[in-house]
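# Fold and geometry: a report
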Amino acid sequence: MSDIHTGDALSADRIFTTGMRDQWHAICPSDHIAPGGLLRVTRLGEDWLLFRRTDGTLRMLADRCPHRGAPLSQGQHLGDRIACRYHGVQIDGEGTVLSVPAMPGCSLEGKQLVRSLPVREVAGAVLAWFGLDPAAEPGPLQLPDPLVADGISNFLCYVEWDAPWRFALENVLDPMHGAFLHRESHTMFGGQTTARFRVRETDRGFFFEKTDQRGVNFDWVEFCRTGVDWLDLEIPYPATAGPGGPFGIVGMGTPIDQRRTAVFFWRYRRVTGWERDVWRFLYRTKLEQRHWQVLEQDREMLEGMAVDADRAENLYQHDLGVLRLRRLYRAQADEQASRLAAVQPLSAGAGR
Ligand code: FES
Ligand SMILES: [Fe+2]
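Residues numbered from 1 in each chain as written. Chains lettered and ligands numbered in written order. Predicted model: local features only at pLDDT ≥ 70, side-chain atom pairs only at ≥ 80, totals over all residues. Heavy atoms only, no water.

### Observations regarding the overall build of the chain
Across its full length, the chain carries 6 helices and 17 strands. Relative to its length of 352 residues, the chain is compact, with a C-alpha radius of gyration of 22 Å against a globular reference of 20 Å. Counting only C-alpha atoms, the chain reaches 70 × 45 × 35 Å along its principal axes. When each of the 352 residues of the chain is scored for burial, the buried share is 52%. Here the contacts in the chain between residues at least 6 apart in sequence split such that 59% fall between residues at least 24 apart. Put simply, the chain shows about 16,000 Å² of open surface, and 51% of that area lies on carbon and sulfur atoms. Of the charged side chains in the chain, 41 are positive and 46 negative, and the gap between their average positions amounts to 1 Å. (Helix = DSSP H or I, 4+ residues; strand = E, 2+ residues; numbered from the N terminus. Rg over C-alpha atoms; globule rule 2.2 N^0.38 Å. Buried < 20%, exposed > 50% of the residue type's maximum accessible area, 1.4 Å probe, protein only. Contact = heavy atoms within 4.5 Å. Areas by Shrake-Rupley, 256 points an atom, 1.4 Å probe, with all protein chains shown as cover. Lys, Arg positive; Asp, Glu negative; His and termini not counted. Charge placed at Lys NZ, Arg CZ, Asp CG, Glu CD.)

### Here's the deal with the coordination of the iron ion (ligand 2)
Protein ligation of the iron ion (ligand 2) involves His177 (NE2), His182 (NE2), Asp298 (OD) and Asp298 (OD), the donor distances falling in the range 2.1 to 2.5 Å. Read from N- to C-terminus, the donor residues coordinating the iron ion (ligand 2) fall into the pattern H-x4-H-x115-D. With a gap of 121 residues between them, His177 in the loop between α3 (165-172) and α4 (178-181) and Asp298 in helix α5 (residues 273-303) connect regions that are remote in the sequence. Across the pair, exposure class does not vary: His177 and Asp298 are buried alike. (Donors = N, O, S within 2.8 Å, 3.2 Å for Na, K, Ca; no water.)

### Looking at the environment of Gly45
Within the element layout of this structure, Gly45 appears in the loop between β2 (39-43) and β3 (46-52). Here the alpha-carbon distance between Gly45 and Arg21, two residues 24 residues apart in the chain, equals 12 Å.

### A word on the sheet that holds β2
Taken in spatial order, the 3 strands of this open sheet run β2-β3-β4, and their pairing is antiparallel. With one partner strand each, in any of the chains shown, β2 and β4 (58-62) form the two edges of the open sheet. Taken over all neighbouring pairs, the strand axes of this sheet differ in orientation by 30° on average, direction set aside. Across 5 bridges, β2 lies against β3 in antiparallel orientation. Residue pairing in the sheet places Leu39 in a bridge with Leu50 of β3. (Pairing = 2+ DSSP bridges. Axes fitted to C-alpha atoms, helices over the stretch in contact; angles between N-to-C directions.)

### Description of unusual backbone geometry
Unlike most non-glycine residues, Asp22 shows phi in positive territory, near 55°. As for its position among the elements, Asp22 is in the loop between α1 (12-18) and β1 (23-29). Take Asp22: its relative accessible area is 26%, and that puts it in the partly exposed class. The backbone phi angle of Ala123 is positive, close to 50°, even though this residue is not glycine. Along the polypeptide, Ala123 turns up in the loop between β9 (119-122) and β10 (125-130). When its relative accessible area of 31% is taken as the criterion, Ala123 is described as partly exposed.

### A word on the pattern of salt bridges
Here the structure, examined in full by the defined rule, presents 25 salt bridges. With its nearest N and O atoms 2.9 Å apart, the salt bridge here joins Glu222 to Arg204. With Glu222 in strand β14 (residues 220-225) and Arg204 in the loop between β12 (197-202) and β13 (205-210), this residue pair connects regions lying 18 residues apart in the sequence. With a relative accessible area of 6%, Glu222 lands in the buried category. The shortest N-O distance in the salt bridge between Asp257 and Arg260 comes to 2.9 Å. When its relative accessible area of 29% is taken as the criterion, Arg260 is described as partly exposed. One salt-bridge network, in which partners are shared between bridges, spans Arg198, Arg200, Glu209 and Arg214. (Salt bridge = Lys/Arg side-chain N within 4 Å of Asp/Glu carboxyl O.)

### Quick word on the sheet that holds strand β15 (residues 229-235)
Across a sheet, paired strands are connected by hydrogen bonds in the backbone, their directions being either parallel or antiparallel. The strand order across the open sheet formed by 7 strands is β11-β17-β16-β15-β14-β13-β12, and the pairing between neighbours is antiparallel. The sheet is open, and its two borders are formed by β11 (153-161) and β12, each paired with just one other strand. Along the sheet, successive strands turn relative to each other by an average axial angle of 20°, direction set aside. Relative to strand β17 (residues 261-269), strand β16 (residues 247-255) runs antiparallel, the two sharing 9 bridges. Residue pairing in the sheet places Met252 in a bridge with Phe264 of β17.

### Topic: the domain arrangement of the chain
Domain parsing of the chain yields domain 1 (26-130) and domain 2 (145-329). One C-alpha centre belongs to domain 1, the other to domain 2; they are set 34 Å apart. On the domain 2 side, the residues contacting the 14 residues of domain 1 number 13 residues. When domain 1 packs against domain 2, close to 1,000 Å² is buried across both sides, 71% of that on carbon and sulfur atoms. (Domains from an automatic or database assignment. Buried area = accessible area lost by both parts, 1.4 Å probe.)

### Focus: the pairing of β12
Note that β12 and β13 share 6 bridges and pair antiparallel. Residue pairing across strands places Phe197 opposite Lys210, the latter belonging to β13.

Right, dumping it as structure tokens:
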């Protein structure tokens, strides 16, 4: 259960630790929301309810009944609406009270009292827009090209880690850990264990890359902001992984709360025709298990770090990508908090 009171203005620290607003975030795999089911998730420090209407369209509401705050996710799915289990109030997919059965004609009826987030389903995952202003239209979303381009095949891998979201992202902005943490893996055994890195700006973010090695290990990563924040990287496959060249990863990390992260990795390969079939077969029968082992090494490392590990570090040149990311998010958190404070001053106790 989240610890935030809906309606409080968000402090810069709160935004920094629970995630940036005014952008799209990945929420969960699409198949987590079964027809007729009610799924409760916590994202960006708040509780949400996901459900599909009978026609299949997905809805995402604050998991908080407008009557007295009971979790709507414990209610009843009535096709196009949810009935709260506590006193039966019915809410539609846009968050409007349709009926108050215990008091017909009650003034709550017809009012939009529950926050509803715009959602999209993309490459097997649900994305939602977290606007600073709940009433504003969602911003544009350009999907990661490897997820929508022709000639690329992918598998979505979803995990939840007990580590702050920024650690999960920083881990990917740190290619050098491949040659150490994953040295014994099937993909990252080769190449140098020393390197020089550089930041290279792009019109949608930046590359963080080795200057002296490419195509041997985890040698570069691109950070992209296209309405949703995502990372792209490439790692060579050994010959045993069949034809088709290196595999790539599109990664997203969505804050569950201050200490936990929903991690999305789409593993992809530029393969078509029979090569695509071979890769998908090899992935399911052999490679997936090995990829999971690599991911477990990341999880164990990040979960073992104190949540304030980034308060007492001694960084060196390889950490420029991490630093760059932190500064960007810190500045954005400050900017969003001051925008909010201008319209909605912090109430007592809300500066968490
Ligand atoms: S709290 Fe939901 S109907 Fe009363
Ligand atoms: Fe890793």
